[in-house]
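Now for the letters of each chain:
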Amino acid sequence: MASENSPLLAYRLLGEEGAAFPACGAGGPGVVSARKLSTFLGVVVPTVLSMFSIVVFLRIGFVVGHAGLLQALAMLLVAYIILALTVLSVCAIATNGAVRGGGAYFMISRTLGPEVGGSIGLMFYLANVCGCAVSLLGLVESVLDVFGADTTGSSGLRVLPQGYGWNLLYGSLLLGLVGGVCTLGAGLYARASFLTFLLVSGSLASVLVSFVAVGPMDIPLTPRPGTNASSLPTRFGHFTGFNSSTLKDNLGAGYAEDYTTGAMMTFASVFAVLFNGCTGIMAGANMSGELKDPSRAIPLGTIVAVAYTFFIYILLFFLSSFTCDRTLLQEDYGFFRSISLWPPLVLIGIYATSLSASMSSLIGASRILHALAQDDLFGLILAPAKVVSGGGNPWGAVLYSWGLVQLVLLVGKLNTLAAVVTVFYLVAYAAVDLSCLSLEWASAPNFRPTFSLFSWHTCLLGVASCLLMMFLISPGAAGGSLLLMGLLSALLTARGGPSSWGYVSQALLFHQVRKYLLRLDVRKEHVKFWRPQLLLLVGNPRGALPLLRLANQLKKGGLYVLGHVTLGDLDSLPSDPVQPQYGAWLSLVDRAQVKAFVDLTLSPSVRQGAQHLLRISGLGGMKPNTLVLGFYDDSPPQDHFLTDPAFSEPTDGTRESGSPALSTLFPPPRAPGSPRALSPQDYVATVADALKMNKNVVLARACGALPPERLSRGSGSTAQPHHVDVWPLNLLRPRGGPGYVDICGLFLLQMATILGMVPAWHSARLRIFLCLGPREAPGAAEGRLRALLSQLRIRAEVQEVMWGEGAGTADPEEEEEGDFVNGGRGDAEAEALARSANALVRAQQGRGTGGGPGGPEGRDGEEGPATALTFLYLPRPPADPARYPRYLALLEILSRDLGPTLLVHGVTPVTCTDL
């Protein structure tokens, strides 16, 4: 059909290679042409360099020397298991659809939503920015250790001046080099990274060869900081070559003080240092916007990089344990230079890894920032990061990140920040695992990744292990990062974000709700746990806002459905007119702040539509048991959209977002005297239908006169006290005594009690009225009712009233139920009874709480708070449909001028006295 549309139509499924990407969102126009990096250059190289960092050259001896070979291997195995679990999740998400720019941020945000994704994306961005600064400062310190004028080493050239200003200058120059490479594009970055990869590989190769080619030697150790080198003899570490005794000595742990800091090392501290050097598995994923085929390159390249680095680390651990004694390992972390066939090559490797790590962090940060800016999550503050070059390079984001790194460099020493950076990385890893776990648990049909070597067990274990590592590395930083994530999520939630990404939370809710609905067995229902489940039929919500909010208060944690019937016949229409209306009704629910579902139907008549909704609304054990209708009278409709502050709109009828105003989505109220969609006959028939279907019925009249504070969601402690009057007796067939404990009377009491539990009605006083017949002695019925209320735990005032003139000449005890309604009496006598009952109810409204039994004229007591709401017993409709108009006329007389009134008829037991 011409009108049909699908998200797949946003993709160019046919045409040139590489064009099958949507033209919106992160990595949108202009970025498609930049997708030219292969798996090796775009993923393997940056991931390997990030995972090696400077640890591979300067911390191998530290780990093996303190932990011993066995514990070092255990640490490495545990670290890589944690990383591998996250890699499995990355592979699963990356192979489940098109991955655009932003890497981990894109994966998280498109799964967990903009609130969580945006907060973690910003933290991941800051981690990359600070990681770039840490790498640059580490590079500066490494250079100054050899070439600094103040160096204490015997082999230093001492040509570069040192100090805070000079160190900042060197860092800024190196940052200029790194930023220049990243600004010129991913192609130059890839070539620079490849050159760096060759240098690092050559340096590592020379180290591996040196372990075999170099003979035993004694290596002088640099004196510890703070000691007088001239007064102490020179200490030596021993390179023994391959020696089984050396290996045996290095198998066990030997934790001692770190000679650079003086701190006592433990398993946790050594493990934290090792793990800090391995957290670079997202370096390739961050380049997702520049990869030719990210769904293939990210999993394949990341797995290859992780396997390669794991093999190199194990090999270096074994070689160090076989050839170096414990003293050398613990007292000279840079012993690779001392044993190397050509020491400058080791220096080149150290400098190359630091430079590559800073480049990877800066370009990764810029890609994350560009994706955040494209998604408009943080507003104008990130607007400069949207700027891209003609080739698709986001140089605006690169310059933005460049400036932030320069600010971080001003801080100088960042030893404490290094732990925070690692914790931020772990937050992102945990979020990726959580994203994959959520997709797997949601069991969504569209989650079918081509990578299948994962399960919810690996995802859950990945989340737990990342969180454990966070607190192991730095409890303070871990707690602070989670707090920051919560604050950012709250900010994004308050600001609002895109709703078209798809939220896995909705899929999880669906999965769980379906499971629990199946367990909600209607055969196990019990009256002790009954709650109202309302279906409110609304013709036009403009005139029904007060009733809509009152019904929301009456539901007491139960189901609440807004139903609407659109008149028509689908056979004569080109399409269903109901489906486009759901958006307007859902917006109505949001704006009115009620907890309701929406159910719309198409039917030739309102009566048939009401039957449809009563039968099919809800699901399983959550189906409406009470029908709520507005009263059918001649009062002119009111437009509450004009007076309700929640529905105020700009004068041009549109909101700032450009979407149409809610007032334009619903027609204006019916003009007085215009024809109605529902006839009086059908209105009463609808009530009768509901009772036949064993549904309770509530007819609401004059709810527009309710005080606004009674319909608010807040507490009613500041509101003026009001009465809620309950007349649990059929006033069109008055009787006392046992009539007060029938099912319908108890239903009225239950509904009034439920309303009193709502905060806005806490200050209202519940009054229950007893009508005494001619043969009843005052006090007898009141005592029985008070005993019943005590058993039902209902706190209320009980007042007895006598019938006055017009109650009828016959003994009410002898009347059959429904006589007045069904025509057992004449119309004039029935109307006289209705007027008398109406006068009786009106006489009690606004009276005080004191006094004994009495009629409208015989009641003592002072004037008191007015009645806010009246509950009346709704008689059953007559059996003869011809008498429906007369029945409706009697109800109109009965409830005339009573203010807000609910006429209620209950058909199901709703309360009991048992525990």
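Everything numeric here is computed off the predicted structure, so don't read it as measured data. (Residues numbered from 1 in each chain as written. Predicted model: local features only at pLDDT ≥ 70, side-chain atom pairs only at ≥ 80, totals over all residues. Heavy atoms only, no water.)

With that settled, consider the overall build of the protein. Helix and strand counts for the protein stand at 27 helices and twelve strands. In the protein, which comprises 915 residues, the proportion classed as buried is 53%. The long-range fraction of contacts in the protein, counting pairs at least 24 apart against all pairs at least 6 apart in sequence, stands at 80%. When the accessible area of the protein is evaluated, it comes to approximately 39600 Å², of which 61% is carbon and sulfur surface. (Helix = DSSP H or I, 4+ residues; strand = E, 2+ residues; numbered from the N terminus. Buried < 20%, exposed > 50% of the residue type's maximum accessible area, 1.4 Å probe, protein only. Contact = heavy atoms within 4.5 Å. Areas by Shrake-Rupley, 256 points an atom, 1.4 Å probe, with all protein chains shown as cover.)

Summed over all chains, the structure comprises 25 aromatic pairs. Look at phenylalanine 242 and phenylalanine 322: their rings are 5.9 Å apart centre to centre, the planes differ by 50°, and that puts the pair in the tilted class. Taken together, the residues span a long stretch of sequence, with phenylalanine 242 in the loop between strand S2 (236–239) and helix H8 (244–251) and phenylalanine 322 in helix H10 (residues 294–323) at a distance of 80 residues. The exposure class of phenylalanine 242 is partly exposed, given its relative accessible area of 47%. For the pair tryptophan 585 and phenylalanine 666, a centre-to-centre distance of 5.3 Å together with 90° between the ring planes defines the contact as edge-to-face. In this pair, tryptophan 585 is assigned in helix H20 (residues 582–592) and phenylalanine 666 in the loop between strand S6 (626–630) and helix H22 (680–692), connecting sequence segments 81 residues apart. A single burial state applies to tryptophan 585 and to phenylalanine 666, both of which are buried. Following the ring pairs from residue to residue traces out a cluster consisting of Phe52, Tyr80, Tyr308, Phe310, Tyr313 and Phe317. Just above the ring of tyrosine 632 sits the side chain of arginine 676; from NZ or CZ to the centre is 4.3 Å. (Phe/Tyr/Trp six-rings, centres within 6.5 Å; stacked < 30°, edge-to-face > 60°. Lys NZ or Arg CZ within 6 Å of the ring centre and 35° of its normal.)

Now for the environment of phenylalanine 106. In this structure, phenylalanine 106 sits in helix H4 (residues 104–112). You can call phenylalanine 106 buried: its relative accessible area is 6%. It is 7.6 Å that separates the C-alpha atoms of phenylalanine 106 and glycine 117, two residues lying eleven residues apart in sequence.

As a further point, take the packing of helix H26 (residues 827–844) against helix H27 (residues 884–894). In the contact formed by H26 and H27, the axes pass within 8 Å of each other and the chain directions differ by 30°. If you check the angle between H26 and H27, you find them roughly parallel. In the crossing of H26 with H27, the sense of the turn from one axis to the other is right-handed. Of the residues in H27, those in contact with Asp827, Ala830, Glu831, Ala834, Arg835, Ala837 and Asn838 of H26 are Arg886, Leu890, Ile893 and Leu894. Class assignment for the residues of the contact of H26 with H27 results in six nonpolar, one polar and four charged. (Axes fitted to C-alpha atoms, helices over the stretch in contact; angles between N-to-C directions. Parallel < 35°, antiparallel > 145°, perpendicular 65-115°, else oblique. Left-handed = near helix turned anticlockwise from the far one by under 90°. Nonpolar A, V, L, I, M, F, W, Y, C, P; charged D, E, K, R; others polar.)

On to the sheet that holds strand S9 (residues 765–772). A sheet is described by the order of its strands in space; here ten strands give the open sequence S5-S4-S3-S6-S7-S12-S11-S8-S9-S10, paired in mixed fashion. Sheet topology places strand S5 (597–603) and strand S10 (797–802) at the edges, where each strand pairs with a single neighbour. Pairs of neighbouring strands in the sheet enclose a mean axial angle of 25°, with direction left out of account. With three bridges joining them, strand S3 (residues 534–537) and S6 adopt parallel strand pairing. Each bridged residue has a counterpart across the sheet, and for leucine 535 the counterpart in S6 is leucine 627. Against the sheet, helix H21 (residues 606–616) contacts S3, strand S4 (560–567), S5 and S6, and its axis sits at roughly 135° relative to S5. (Pairing = 2+ DSSP bridges.)

What follows concerns the packing of H21 against H22. Packing of H21 against H22 leaves a shortest axis separation of 9 Å and a crossing angle of 20°. Put simply, H21 runs roughly parallel to H22. In the crossing of H21 with H22, the sense of the turn from one axis to the other is right-handed. Contacts between H21 and H22 involve Arg607, Ala610, Gln611 and Leu614 on the former and, on the latter, Asp682, Ala685, Thr686, Asp689 and Ala690. Classifying every residue of the contact of H21 with H22 gives four nonpolar, two polar and three charged.

Here helix H1 (residues 39–52) contains 14 residues, and its C-alpha end-to-end distance of 19 Å stays within 8% of the 20 Å for a straight helix at 1.5 Å per residue. The element H1 is largely enclosed, with a buried count of twelve among its 14 residues. If you follow the buried residues of H1, they end up packed against helix H2 (55–58), helix H3 (60–94), helix H7 (186–213), H10 and helix H13 (343–374). Positioned one or two residues after H1, serine 53 has a phi angle of 45°, which is positive. (Expected span 1.5 Å × (residues − 1).)

Turning next to a positive patch on the surface. A grouping of Arg514, Lys515, Arg519 and Lys524 is seen on the molecular surface, where their side chains present a positively charged patch. Relative to the assigned elements, arginine 519 resides in helix H18 (residues 504–519). (Patch = residues over 30% accessible without salt bridge, like charges linked within 9 Å, V, L, I, M, F, W, Y side chains within 5 Å. Salt bridge = Lys/Arg side-chain N within 4 Å of Asp/Glu carboxyl O. Lys, Arg positive; Asp, Glu negative; His and termini not counted. Charge placed at Lys NZ, Arg CZ, Asp CG, Glu CD.)

A separate point is the pattern of salt bridges. On inspection of all chains with the given rule, the structure shows ten salt bridges. The salt bridge partner of lysine 386 is aspartate 376, with a shortest N-O separation of 2.6 Å. Taken together, the residues span a long stretch of sequence, with lysine 386 in the loop between H13 and helix H14 (395–409) and aspartate 376 in the loop between H13 and H14 at a distance of ten residues. Exposure remark for lysine 386: the relative accessible area of 31% places this residue in the partly exposed category. Residue arginine 607 is joined to aspartate 689 by a salt bridge in which the shortest nitrogen-to-oxygen separation is 2.7 Å.

Turning to the confidence of the model for the protein, a few remarks are in order. Residues with a pLDDT of 70 or more make up 84% of the protein, whose mean pLDDT is 81. Considering only residues more than four positions removed or in separate chains, one finds that residues 1–33, a stretch of pLDDT under 50, has 33 contacts. In the model, residues 804–818 has pLDDT below 50 throughout and makes 24 contacts with residues more than four positions away in sequence or in other chains. (pLDDT = per-residue confidence, 0-100.)

Backbone geometry places lysine 556, a non-glycine residue, at a positive phi of 50°. In this structure, lysine 556 sits in the loop between helix H19 (545–554) and S4. The phi dihedral of glutamine 593 falls on the positive side, at around 60°, and the residue is not glycine. By the element assignment, glutamine 593 lies in the loop between H20 and S5.

Moving on, we come to a nonpolar patch on the surface. A surface patch of nonpolar side chains, amounting to about 560 Å² of accessible area, comprises Leu195, Leu199, Val209, Leu341, Trp342 and Ile348. Considering the arrangement of structural elements, one finds tryptophan 342 in the loop between helix H12 (335–339) and H13.

On to the environment of methionine 217. Tracing the backbone shows methionine 217 in strand S1 (residues 217–220). Non-local contacts of methionine 217, meaning those with residues more than four positions away in its chain, are made with Gly237, His238, Phe239 and Ser338.

Our focus in this paragraph is the pairing of strand S7 (residues 696–701). Burial within S7 is extensive, with six of its six residues counted as buried. Pairing geometry for S6 and S7, over five bridges, is parallel. Paired with glycine 630 across the bridge in S7 is alanine 700.

With respect to the secondary-structure elements, lysine 695 resides in the loop between H22 and S7. Among the residues examined, lysine 695 registers a relative accessible area of 13% and is labelled buried. Once residues within four sequence positions are removed from consideration, lysine 695 is found in contact with Leu614, Pro624, Asn625, Ala690 and Val907.

Because side chains alternate across S3, one face comprises the buried residues Leu534 and Leu536, and the other comprises Leu535 and Leu537, equally buried. As defined by bridge partners, S3 adjoins S4 across four bridges and the pair is classed as parallel. By the bridge assignment, leucine 534 is partnered in S4 with tyrosine 560. Handedness of the crossover joining S3 and S4 through H19: right-handed. (Right-handed = clockwise from strand over helix to strand, strands pointing away.)

Looking at the secondary structure, you find valine 758 in the loop between helix H23 (743–756) and S9. Among the residues examined, valine 758 registers a relative accessible area of 15% and is labelled buried. Between the C-alpha atom of valine 758 and that of arginine 710, which follows or precedes it by 48 residues, the distance is 9.4 Å.

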